[in-house]
Amino acid sequence: MKSILIIGMGKFGKLLGSKLLELGNEVMIVDKDEEIINELAPMYTNSYIGNCTNDGVLRSLGVKNFDICFVAIGDDFQSSLEITSQLKELGAKYVISKAERDIQAKFLLRNGADEIIYPERDVAIKLATRCNAHNIFDFIELTSEVGIFEIAVPNKWVKHTLAELNIRKKYRLNVLAIKKGSAINPIPEPGYAFVPEDHIVVMGNPNDVIKISGKKA
């Protein structure tokens, strides 16, 4: 369990907070909109109505006590920048700030952010990649050149073993796991033979994954 502070309870902040609570964390939320906080307060460990560009507001929150501080403001970049900077000056352990563009990320990092998130961009990339090919069920971008994908086993692989297919050499992909429904085999043996209902978790270049999963027309 971690102690989390979320500043900015727009759509992203609400989704983030809800999931963090579900995972068993202690979450404090802050927003300058009284109506939003009054609506959400019963669900959270603590809540506060205030404008965090005000140094006094941030000081009153005791930011040093949180494991992670999220700056989830999406419609006012100047405020996001000021709050990020003030959090680090006040001793925040780890600050994650939301950005919409690379230039924003650059300024946020210069002003103290430890990590940048691009919710809209990340969702767009994942959706575009998934919709560009058949049978891609999930996707995590590691870099622009490498990702982790959950795909349906290609028909031509069925009844063949990992050793026979020599996937790393022939397809330039690493098989990380095999899924059957909710069950996961994280270390498949070379002699494992694929069956039609298998899902495979592979790591590699998106273009190589699309080649074996089939690009949509």
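Data block above holds the structure.
Because the structure is predicted, anything quoted here is derived from the model rather than measured.

### Details of a negative patch on the surface
There is a patch of like negative charges on the surface, built from Asp-33, Glu-34, Glu-35 and Glu-39. You can see Glu-34 is positioned in helix α2 (residues 34–40).

### Considerations on the sheet that holds strand β4 (residues 68–71)
Taken in spatial order, the six strands make up an open sheet running β3-β2-β1-β4-β5-β6, and their pairing is parallel. For this open sheet the edge positions go to β3 (46–49) and β6 (115–117), each flanked by a neighbour on one side alone. The average undirected angle you get between the axes of adjacent strands in this sheet is 15 degrees. Relative to β4, strand β1 (residues 3–7) runs parallel, the two sharing four bridges. Following the sheet pairing, Ile-6 is matched in β4 by Phe-70.

### Some details on the pattern of salt bridges
Between side chains of opposite charge, a pair can form when the charged atoms approach closely. Taken as a whole, this structure holds eight salt bridges when the rule is applied. The shortest N-O distance in the salt bridge between Asp-208 and Arg-172 comes to 3.0 Å. A residue pair is termed long-range when its members are at least 10 positions apart, and Asp-208 in helix α9 (residues 206–213) and Arg-172 in the loop between α8 (167–171) and β9 (174–180) qualify at 36 residues. Its salt-bridge partner being Asp-198, residue Lys-180 comes within 2.6 Å of it at the nearest N-O pair. Here Lys-180 is found in strand β9, whereas its partner Asp-198 is found in the loop between β10 (183–185) and β11 (199–204), with 18 residues between them in sequence. Of the residues examined, Lys-180 reaches a relative accessible area of 38% and is grouped as partly exposed. On the basis of relative accessibility, which here comes to 0%, the residue Asp-198 falls in the buried class. Residues joined by salt bridges that share partners form a network here, namely Arg-172, Asp-208 and Lys-211.

### Let's talk about the packing of aromatic side chains
In total, this model carries four aromatic pairs according to the counting rule given. Ring centres of Phe-139 and Phe-149 lie 4.7 Å apart, and the angle between their planes is 20 degrees; on these two criteria the pair is classed as stacked. In this pair, Phe-139 is assigned in strand β7 (residues 136–141) and Phe-149 in strand β8 (residues 147–152), connecting sequence segments ten residues apart. The same class applies to Phe-139 and to Phe-149, which are both buried. For the ring pair Trp-157 and Tyr-171, a centre distance of 5.0 Å and an interplane angle of 55 degrees mean the geometry is tilted. Pair noted here: Trp-157 is in the loop between β8 and α7 (162–165) and Tyr-171 is in helix α8, with a separation of 14 residues, a long-range link. On the accessibility criterion, Tyr-171 (13% relative accessible area) is buried. Within the aromatic cluster, the residues linked to one another by ring pairs are Trp-157, Tyr-171, Tyr-192 and Phe-194. The ring of Phe-107 carries Arg-110 above its face, with NZ or CZ at 5.8 Å from the centroid.

The rules behind the values
- Residues numbered from 1 in each chain as written.
- Predicted model: local features only at pLDDT ≥ 70, side-chain atom pairs only at ≥ 80, totals over all residues.
- Heavy atoms only, no water.
- Patch = residues over 30% accessible without salt bridge, like charges linked within 9 Å, V, L, I, M, F, W, Y side chains within 5 Å.
- Areas by Shrake-Rupley, 256 points an atom, 1.4 Å probe, with all protein chains shown as cover.
- Salt bridge = Lys/Arg side-chain N within 4 Å of Asp/Glu carboxyl O.
- Lys, Arg positive; Asp, Glu negative; His and termini not counted.
- Charge placed at Lys NZ, Arg CZ, Asp CG, Glu CD.
- Helix = DSSP H or I, 4+ residues; strand = E, 2+ residues; numbered from the N terminus.
- Pairing = 2+ DSSP bridges.
- Axes fitted to C-alpha atoms, helices over the stretch in contact; angles between N-to-C directions.
- Buried < 20%, exposed > 50% of the residue type's maximum accessible area, 1.4 Å probe, protein only.
- Phe/Tyr/Trp six-rings, centres within 6.5 Å; stacked < 30°, edge-to-face > 60°.
- Lys NZ or Arg CZ within 6 Å of the ring centre and 35° of its normal.

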